[in-house]
There are 2 protein chains.
Amino acid sequence: MLSAKTQYAIHALTFLGERFGKGPIPINQIAEHRQIPYKFLEAILLELRKSGVLGSKAGKNGGYYLLRPPEEVLVVDVIRQMEGPISLLPCVSKKFYESCRVCPHAEPGCIVREFFRQVRDATLHAMEGRYLSELLDPHAVKDRLHGQRGGKMSYFSSTRRLLRSIAELRDRKRHSGRKIAI
Amino acid sequence: MLSAKTQYAIHALTFLGERFGKGPIPINQIAEHRQIPYKFLEAILLELRKSGVLGSKAGKNGGYYLLRPPEEVLVVDVIRQMEGPISLLPCVSKKFYESCRVCPHAEPGCIVREFFRQVRDATLHAMEGRYLSELLDPHAVKDRLHGQRGGKMSYFSSTRRLLRSIAELRDRKRHSGRKIAI
DNA sequence: ATATAACCTATCGATTTAGTAGGGTTTAAT
DNA sequence: ATTAAACCCTACTAAATCGATAGGTTATAT
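Conventions adopted
- Residues numbered from 1 in each chain as written.
- Chains lettered and ligands numbered in written order.
- Predicted model: local features only at pLDDT ≥ 70, side-chain atom pairs only at ≥ 80, totals over all residues.
- Heavy atoms only, no water.
- Near = heavy atom within 4 Å.
- Polar contact = N/O pair within 3.5 Å; in protein donor to acceptor, adjacent residues only side chain to side chain.
- Helix = DSSP H or I, 4+ residues; strand = E, 2+ residues; numbered from the N terminus.
- Nonpolar A, V, L, I, M, F, W, Y, C, P; charged D, E, K, R; others polar.
- Contact = heavy atoms within 4.5 Å.
- Buried area = accessible area lost by both parts, 1.4 Å probe.
- Salt bridge = Lys/Arg side-chain N within 4 Å of Asp/Glu carboxyl O.

*Asks:* Give me the lowdown on the protein's contact with DNA strand C, citing residues and values where you can.
*Replies:* As a matter of local geometry, DNA strand C sits amid 29 residues, with A:Ile27, A:Glu42, A:Ser56, A:Tyr64 and B:Lys39 nearest to it. Those atoms of DNA strand C that come within 4 Å of the protein belong to sugar or phosphate at a rate of 69%. Separating a phosphate oxygen of DNA strand C from a backbone N or O atom of A:Ile27 is a distance of 2.7 Å. Between DNA strand C and the protein, one listed contact pairs a base oxygen with a backbone N or O atom of A:Lys60 at 3.4 Å. Those elements that place two or more of their residues in the surface near DNA strand C are helix 3 (38-50), strand 1 (54-57) and strand 2 (63-66) of chain A together with helix 1 (4-18) and helix 3 (38-50) of chain B. Ranked by residues supplied to the surface near DNA strand C, first place goes to helix 3 of chain A with six residues. Looking at side-chain class alone, the surface near DNA strand C contains twelve nonpolar, six polar and eleven charged residues.

Shown next, in the form of structure tokens:
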């Protein structure tokens, strides 16, 4: 299970994603809308800023904002950043590899290890190429587009266009043959 | 990541699986072969017995043993027993469902929830229908068969037969349409 | 200057983790 | 009956993690 911290982080990021391009959003706004304890959220956002996901601006009209558009923020990266390894065993993790406590030399033939490698492959496959943009509330995103484009576009044309661009981006990434470590 | 307890449990069960049919195996034998602290392992085996996976026999020549053959022990059941939910969010778990802290009413349209439901489906699909028998060291299983059948069978015929029966069992279960909850 | 808002350090109680210690009970081979 | 071997149970502990909270510092728009 994901810790409360990670869950809060994801929901905070969706809030910021839905308001991408609208300038810095203050912590209390996020905290109120998403029901997250202010001080806890403060620490989470600070961590996300230090890990390069968010930018911040101090002082009046300050707050936090995504450094890149939600279409380019990998959900799996956020989870790894906050939670650590996706793998169920340390010895099948690439990003957080540690030797197993039962077979410290990680024998290549370890059959338990092989099983959990398959599990992590399945989990990772479901996560890879999935972006923050896919977790946003379409209604909020609509507002965001209206805000940027002056509200000239219809709901249907704007969201259809957005969804198409997301699908294209995701498809490109999925078939790029890029190895994604776990 | 799985806790040390769960990892130890799995390895202890493989040890017992490889010796299934040979009567009770004492704790210290498992502890020594699998490098698990004796007292910690004792607690783990006790828990596995209470949850119906293992049987035990006290006294001289006593020990622990699998109540059913390894071909019938689901790995995912062991993980759930020791570790809890497989899901990454409480609100997508069937066996351990709890409401999400961000949306307490678990709105059916929650897009974050949908994402993590897909992830848990993928993880579960990799686990479902996988049995303890698939995690056993073939060499140890060979010995077990030799022990039971008096060593008359050749290595190849015995293991081939075993592997075929495992594959058949797994295939039956995989296509039985049985819903496996998470 | 003032209000606002991020930044930083430190702490804190509760829970979980990964064990350890020691003794009591039951079984069974002799 | 003795006694060794193993199960069973309670309690404890040191460390880490979790889920926050407190309070002061720095930056910035007005």
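More follows now that the structure is in view.
*Asks:* Any chance you could break down the interface of chain B and chain A for me, citing the residues and the numbers?
*Replies:* Facing the 33 residues of chain B at the interface are 33 residues of chain A. Contact between chain B and chain A buries roughly 3,400 Å² in total, counting both sides, with carbon and sulfur atoms accounting for 74%. Counting the surface chain B buries against chain A, the share from its top three residues, B:Met1, B:Arg101 and B:Phe115, is 19%. At the surface where chain B touches chain A, the tally comes to zero salt bridges. Of all the elements in the fold, those that place two or more residues in the side of chain B that touches chain A are helix 1, helix 4 (75-83) and helix 5 (111-127) of chain B. The element contributing the most residues to the side of chain B that touches chain A is helix 5 of chain B, with ten residues. By residue class, the composition of the side of chain B that touches chain A is 23 nonpolar, six polar and four charged.

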